[in-house]
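As a plain string of letters, each chain reads:
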Amino acid sequence: MPELPEVETVRRQLDPVLTGVRIADVHARRPDLRTAFPPRFRHRLRRQTVQAVTRRAKYLLAELSSGETLMMHLGMSGSFRIELPGESRQALGLHDHVVFDLASGARVVFNDPRRFGFMDLLTPAEREQHVVLSRLGPEPLADGFDGAALARACRGKKTSIKVALLDQRVVAGIGNIYASEALHVAGLSPRRRAEIVATPKGVPRESAHRLAAAIKKVLNAAITRAAGAPYRGSRFRVYDREGERCRRVRCEGVIERRTQAGRSTFYCPICQR
Ligand SMILES: [Zn+2]
């Protein structure tokens with residue numbers, strides 16, 4: 001399943017192709033993905049100019065000249081194929097569900113074999129009040145996300161720091177893999193209470209700054225990799241490495257796995273305190 005780094009990589013690929021470009025036409029080649037396409041999908045997208053392609057958590061947001069937002073999610077298996085102007089058109093396949101023909105001559109095709117992805121169109125009011133978007137915490141890669149923001153969100157939280165990192169209200173879209181990875185980089189045990197990164201008044205402790213920096217580091221490294229290498233288990237420090245040696249220099253720990261809130265957490269019991 002695409003995690004935040006993969007979604008951000010997709011955003012960076014779509015942005016130069018879509019932003020500032022008019023959608024000449026769009027075809028949904030079936031009535032639904034995970035959910036039905038919104039009413040008048042084609043009509044509301046045709047002749048709109050994309051003003052920006054942004055992202056919140058794992059949602060891609062194409063902001064349209066009409067003021068509406070095209071909200072897209074890759075689900076388990078969604079991807080976009082970009083065919084640049086002048087490139088020959090690939091024949092559309094069984095799982096090519098949405099085709100955007102752009103005034104630039106480029107074509108963007110959404111492919112999703114398992115159809116857990118979705119597309120929706122939101123009016124400004126709908127976006128403002130959206131049941132998911134309106135409740136998301138800070139973007140981990142935004143400048144505004146730092147130790148202070150993390151400390152504010154974790155203040156007084158008795159849940160474990162690992163479970164807190166998966167809470168979309170604390171920080172948006174980190175996901176199970178990168179929560180484990182960031183805690184290892186920060187040298188923090190996933191079992192500690194979230195509140196330990198803040199004083200009772202919500203002032204960040206040193207661990208909050210360390211963890212916020214670690215989150216940015218693992219996500220940025222994954223984005224760099226996602227742009228190049230294919231998905232491989234061995235790229236991780238702890239995730240999916242139960243029983244293997246810790247990769248921290250001079251640490252002799254062996255990675256353990258534990259279930260927290262129904263999800264696997266991987267960590268080193270020696271260097272994560
Ligand atoms: Zn270790």
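These notes cover the structure that comes with them. (Residues numbered from 1 in each chain as written. Predicted model: local features only at pLDDT ≥ 70, side-chain atom pairs only at ≥ 80, totals over all residues. Heavy atoms only, no water.)

**Some remarks on helix H4 (residues 147–154)**
What counts here: For each residue, the accessible area found with a 1.4 Å probe, counting protein chains only, is set against the maximum for its type, and the residue is called buried under 20%, exposed over 50%, and partly exposed in between. Under the scheme used here, helices are H or I runs from DSSP no shorter than 4 residues and strands are E runs no shorter than 2 residues, and both carry numbers assigned from the N terminus. In protein, a polar contact means a hydrogen-donor-capable atom and an acceptor-capable atom, both N or O and within 3.5 Å, with residues adjacent in sequence counting only if both atoms are side-chain atoms; elsewhere, any N or O pair within 3.5 Å suffices.
All of the buried residues along H4 are Gly147, Ala149, Leu150, Ala151 and Cys154. Its side-chain oxygen placed 3.2 Å from the backbone nitrogen of Ala148, Asp146 serves as the N-cap of H4. One or two residues past the end of H4 sits Gly156, with phi positive at roughly 75°.

**Quick word on the packing of H4 against helix H7 (residues 206–226)**
Condition: In this analysis an axis means a line fitted to C-alpha atoms, helices contributing only their contacting stretch, and an angle means the value between N-to-C directions, from 0 to 180 degrees. Angular relationships are summarised with four words: roughly parallel below 35 degrees, roughly antiparallel beyond 145, roughly perpendicular across 65 to 115, and oblique for the angles in between. By definition, turning the near helix anticlockwise from the far helix through less than a right angle yields a left-handed crossing, and turning it clockwise yields a right-handed one. Here a residue-residue contact requires only that any non-hydrogen atoms of the pair lie within 4.5 Å. By the convention adopted, Pro, Cys, Tyr, Trp, Phe, Met, Ile, Leu, Val and Ala count as nonpolar, Lys, Arg, Asp and Glu as charged, and the other residues, Gly among them, as polar.
Here H4 crosses H7 at 110°, and the two axes come no closer than 8 Å. As judged from the angle between their axes, H4 and H7 are roughly perpendicular. Relative to H7, H4 is oriented so that their crossing is right-handed. Each of Gly147, Ala148, Leu150 and Ala151 in H4 lies in contact with H7, whose residues at this interface are Ala208, His209, Leu211 and Ala212. Residue composition of the contact of H4 with H7, grouped by class: six nonpolar, two polar and no charged.

**Here we look at the pattern of salt bridges**
We apply this condition: Think of a salt bridge as a Lys or Arg side-chain nitrogen and an Asp or Glu carboxyl oxygen that are within 4 Å of each other.
All told, the structure shown has 21 salt bridges when counted by the stated rule. Between Glu139 and Arg55 there is a salt bridge whose closest N-O contact spans 2.8 Å. Placement of Glu139 in the loop between helix H3 (124–128) and H4 and of Arg55 in strand E2 (residues 50–56) is noted, with a sequence separation of 84 residues between them. Residue Glu139 is classed as buried on the basis of its relative accessible area of 10%. A relative accessible area of 11% places Arg55 in the buried class. A salt bridge links Glu244 to Arg241, with the shortest nitrogen-to-oxygen separation between them at 3.2 Å. Looking at Arg241, the relative accessible area reads 5%, which means it is buried.

**What to know about the environment of Ala106**
Mapped onto the elements, Ala106 comes out in the loop between strand E6 (96–102) and strand E7 (107–111). Placed 96 residues apart in sequence, Ala106 and Val10 show a C-alpha to C-alpha distance of 16 Å. Dropping the residues within four chain positions of it, Ala106 is found in contact with Val17, Glu83, Leu84, Pro85, Arg89, Phe100 and Asp101.

**Brief notes about the side chain of Thr265**
Its place among the elements puts Thr265 in strand E10 (residues 263–267). Within the local environment of Thr265, its side chain forms a polar contact with the side chain of Lys162, the two groups lying 2.7 Å apart. At a separation of 2.6 Å, a polar atom in the side chain of Thr265 contacts the side chain of Gln260. Apart from the residues within four sequence positions on either side, Thr265 is in contact with Lys162, Ser180, Pro190, Glu256, Arg257, Arg258 and Gln260.

Purely geometric numbers; function is a separate question.
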